[in-house]
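Observations on the model geometry
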Amino acid sequence: GDFRGNLITWSTCIHACERAEQPKLAMKVYGEMKQVGFAPDRPLYGILLRACGKLGNWRRAVELFDTMKDGDGGPPDANEYTYLISACARGGENGLAMNRFADMLDAGLKMIDKT
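Residues numbered from 1 in each chain as written. Predicted model: local features only at pLDDT ≥ 70, side-chain atom pairs only at ≥ 80, totals over all residues. Heavy atoms only, no water.

Notes on the overall build of the protein chain
A tally of regular secondary structure across the protein chain gives six helices and zero strands. Walking the protein chain from its N terminus toward its C terminus, one meets helices and strands in the order α-α-α-α-α-α. Here the protein chain has a C-alpha radius of gyration of 14 Å; the compact-globule value for 115 residues is 13 Å, and the two agree. The C-alpha extent of the protein chain, read off along each of the three principal axes, is 50 × 30 × 20 Å. With 115 residues in all, the protein chain has 38% of them scored as buried. Once local pairs closer than 6 in sequence are excluded, the contacts in the protein chain between residues at least 24 apart make up 60%. Summed over its atoms, the accessible surface of the protein chain is roughly 6500 Å², and 51% of this surface lies on carbon and sulfur atoms. Looking at charge distribution, the protein chain has the averaged site of its 15 positive side-chain charges lying 4 Å from that of its 15 negative ones. (Helix = DSSP H or I, 4+ residues; strand = E, 2+ residues; numbered from the N terminus. Rg over C-alpha atoms; globule rule 2.2 N^0.38 Å. Buried < 20%, exposed > 50% of the residue type's maximum accessible area, 1.4 Å probe, protein only. Contact = heavy atoms within 4.5 Å. Areas by Shrake-Rupley, 256 points an atom, 1.4 Å probe, with all protein chains shown as cover. Lys, Arg positive; Asp, Glu negative; His and termini not counted. Charge placed at Lys NZ, Arg CZ, Asp CG, Glu CD.)

See below:
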């Protein structure tokens, strides 16, 4: 039968792709994960946001960030904001990056150097 796996299996694979500097592959695996019915958990959102940042895929980063923020995992942390801001900046959306940076500061968070 078809491989379904579990969230840990998918997350581990996506994380390995992202860490191996294969962000496109990480996002492809994420798409496959969604197709078989799994949603990311909070740690996986950070990994996906970092992959989006490496790709400059600001649209996907905003979509993921907003979905994560609307979930029940609590407010975004400095890492998650930093990855989103990086994706916006690398995607040429400097105004959006500045707006999200202001949101981060309003939340009492400081920028980190992890991208």
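Following the structure, the description resumes.
Topic: the environment of A97
With respect to the helices and strands, the residue A97 is situated in helix α6 (residues 94–106). Relative accessible area serves as the criterion here: at 6%, A97 is assigned to the buried category. Taking the C-alpha atoms as reference, A97 lies 29 Å from T12; in sequence the two are 85 residues apart. Aside from chain neighbours lying at most four places away, what touches A97 is I85, C88 and A89.

Brief notes about helix α5 (residues 78–90)
For α5, with 13 residues, the first-to-last C-alpha span of 18 Å sits near the 18 Å given by 1.5 Å per residue. For α5, the buried fraction is high: ten of the 13 residues fall into the buried class. Turning to α5, its buried residues are A78, E80, Y81, T82, Y83, L84, I85, S86, A87 and C88. Against α3 (42–55), α4 (58–69) and α6 lie the buried residues of α5. (Expected span 1.5 Å × (residues − 1).)

Side note on the environment of C17
Relative to the assigned elements, C17 resides in helix α1 (residues 7–19). Separated by twelve residues in the primary sequence, C17 and V29 place their C-alpha atoms 8.7 Å from one another. Not counting residues up to four positions away in its chain, the partners in contact with C17 are Q22, P23, L25, A26 and V29.

Regarding the side chain of E18
Mapped onto the elements of the fold, E18 is located in helix α1. A distance of 2.9 Å separates the side chain of E18 from the side chain of R50, its partner in a polar contact. With near-sequence residues (within four places) excluded, E18 lies in contact with A26, I47, R50, A51 and K54. (Polar contact = N/O pair within 3.5 Å; in protein donor to acceptor, adjacent residues only side chain to side chain.)

Here's the deal with the nonpolar core
Grouped together as the largest cluster of nonpolar side chains are 30 residues, with contacts concentrated most on I14, M27, Y30, M33, L48, L49 and L64. Mapped onto this core, the elements with two or more residues apiece are α1, α2 (23–35), α3, α4, α5 and α6. For this core, the element with the most residues is α3, which contributes seven residues. The residues contacting L48, other than those within four sequence positions of it, are I14, M27, Y30, P40 and L64. (Core = buried A, V, L, I, M, F, W, Y, C linked by side-chain atoms within 4.5 Å.)

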